[in-house]
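Here's the letter readout for the chains.
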Amino acid sequence: TPPSNLTSSIPATFVLAGIPGMEKLHVWLSIPFCSMYLAALLGNSILLLVVRAEQSLHQPMYLLLCMLAAADLMLSTTAVPKMLALFWLHTGEISFGACLTQMFFLHFSFSVGSVTLLAMALDRFVAICHLLRYAAVLTPTAIVKVGLLALLCSFCIIFPCIFLLRWLPFCGHSIIPHTDCEHMGIGRLACADISANVLYGLAVPFAAIVLDVVLIAVSYVLILLAVFRYRFSGEIPRHIQILLANLYVLLPPLLNPIVYGVREKVGKMLLCPTTHVLQE
């Protein structure tokens, strides 16, 4: 089909339906969502302001933490205001262009946050395992380059989704059973084969996230090996070393979802509450 025909089949607007089956609870659900959003705005904004104002905090770890806070603010602000407007004012209409824009920034900010968490883990690795080289390796210029790399990689991963959706033909179906626009939610409304969208939507982000998780895990293992080699190799019995090593391998995966995951979980709940409901 020529591109001109596809362009004419693109709907002017989509309609966000909210949470199917829970329409009567939308107003009540908006209360915790709004509260969490305001708390996220306040907490992350204070963090950014404090780090900016306090010269002693202009260090790599705090700069990376600011990047994570900025990504979190972008993530929630992209989705929550529209969701609250839907819950409170029943204004679920959104133009095709605005829907694609929201979809891009949702996935883009989540990807930036994931890369930033990886950078924070590598920062701790250098600080613990190569302390004497820390100041030389992680300079402010290096942190700026890490931030630009995170933005560039995330952009290159997410931007093709716009083209994959832009050239799909739509046959009049315009209701998205969701509180926001996300890649597959839009793709399912098309009247054409969306295999490419499915494969790209699953494979590329999944591969990127898995790579981040693997590298973070590797950094923790190297940190633990360095800690035990420096401090405990000649002072504690071998069986105690092994027991503690196992605990250290288990505790970070157990505690990290609490330390980092609470904020990420809140972000996902704010972004995709429908997903959690449908999965249940």
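Residues numbered from 1 in each chain as written. Predicted model: local features only at pLDDT ≥ 70, side-chain atom pairs only at ≥ 80, totals over all residues. Heavy atoms only, no water.

An unreviewed UniProt entry annotates the protein chain as Olfactory receptor originating from Odontophorus gujanensis.

Participant: Is there a simple way to explain the overall build of the protein chain in this structure?
Facilitator: Check the secondary structure of the protein chain and you find 11 helices and three strands. Ordered by position in the sequence, the α and β elements of the protein chain form the string α-β-α-α-β-α-α-α-β-α-α-α-α-α. Across the protein chain, the fraction of contacts at a sequence separation of at least 24, relative to all contacts at a separation of at least 6, is 78%. Counting every atom, the protein chain has about 15600 Å² of accessible surface; 73% of that belongs to carbon and sulfur. (Helix = DSSP H or I, 4+ residues; strand = E, 2+ residues; numbered from the N terminus. Contact = heavy atoms within 4.5 Å. Areas by Shrake-Rupley, 256 points an atom, 1.4 Å probe, with all protein chains shown as cover.)

Participant: Teacher, can you tell me more about the pairing of strand β1 (residues 13-16) here?
Facilitator: Moving residue by residue along a regular strand, the side chains alternate between the two faces of the sheet. Only one face of β1 is covered, namely the one carrying F14 and L16; the face carrying T13 and V15 has none of its residues buried. Here β1 pairs with strand β2 (residues 93-95) via three bridges, running antiparallel. Residue pairing for β2: V15 is matched across the bridge by E93. As paired strands, β1 and strand β3 (residues 175-176) are joined by two bridges and run parallel to one another. Looking across to β3, one finds that V15 is bridged to I175. (Buried < 20%, exposed > 50% of the residue type's maximum accessible area, 1.4 Å probe, protein only. Pairing = 2+ DSSP bridges.)

Participant: What am I meant to see in the pattern of salt bridges here?
Facilitator: Side chains that differ in sign of charge can pair as their charged atoms come close. Scanning all chains against the criterion turns up one salt bridge. Close ionic contact of D123 with R124 constitutes a salt bridge, the shortest N to O distance being 2.6 Å. (Salt bridge = Lys/Arg side-chain N within 4 Å of Asp/Glu carboxyl O.)

Participant: Can you help me understand the sheet that holds β1 in this one?
Facilitator: Judged by pairing direction, the sheet is mixed, and its three strands sit side by side in the order β2-β1-β3 without closing on themselves. This sheet does not close on itself; its edge strands, each paired only once, are β2 and β3. Against the sheet, helix α4 (residues 96-129) makes contact with β1, β2 and β3, and its axis sits at roughly 85° relative to β2, the strand it touches most. (Axes fitted to C-alpha atoms, helices over the stretch in contact; angles between N-to-C directions.)

Participant: What's the story with the UniProt feature "transmembrane region" (unreviewed entry) in the protein chain in this structure? I'm lost.
Facilitator: As recorded in UniProt, the sites labelled "transmembrane region" (unreviewed entry) are residues 27-50, 62-88, 94-122, 142-165, 206-228 and 240-260. Taken as a whole, residues 62-88 contains 100% helix and 0% strand, while its terminal C-alpha atoms sit 37 Å from one another. (UniProt positions renumbered as here; feature names shortened; annotations may be inferred.)

Participant: Help me understand a nonpolar patch on the surface in this model?
Facilitator: A contiguous nonpolar patch, built from F206, V210, V214 and V218 and spanning about 340 Å² of accessible area, is present on the exposed surface. Mapped onto the elements of the fold, V214 is located in helix α8 (residues 195-231). (Patch = residues over 30% accessible without salt bridge, like charges linked within 9 Å, V, L, I, M, F, W, Y side chains within 5 Å.)

Participant: Help me understand the side chain of S154 in this model?
Facilitator: For S154, the location among the structural elements is in helix α6 (residues 140-166). The class for S154 is buried, based on a relative accessible area of 0%. A distance of 2.8 Å separates a polar atom in the side chain of S154 from the backbone oxygen of A150. Not counting residues within four places of it along the chain, the set of residues in contact with S154 comprises F108, S111, V112 and V115. (Polar contact = N/O pair within 3.5 Å; in protein donor to acceptor, adjacent residues only side chain to side chain.)

Participant: Which parts of the structure should I look at to understand the nonpolar core?
Facilitator: The tendency in soluble globular proteins is for nonpolar side chains to be buried side by side. Counting residues in hydrophobic clusters, the biggest one holds 37 residues, and the most contacted among them are F14, M103, F170, I176, C181 and I186. Taken together, the elements giving at least two residues each to this core come down to β1, α2 (26-53), α3 (60-89), α4, α6 and α7 (183-187). Looking at this core element by element, the count peaks at seven residues for α4. Excluding residues within four positions of it along the chain, C181 makes contact with L16, I94, C99, Q102, M103, L106, I176 and I186. (Core = buried A, V, L, I, M, F, W, Y, C linked by side-chain atoms within 4.5 Å.)

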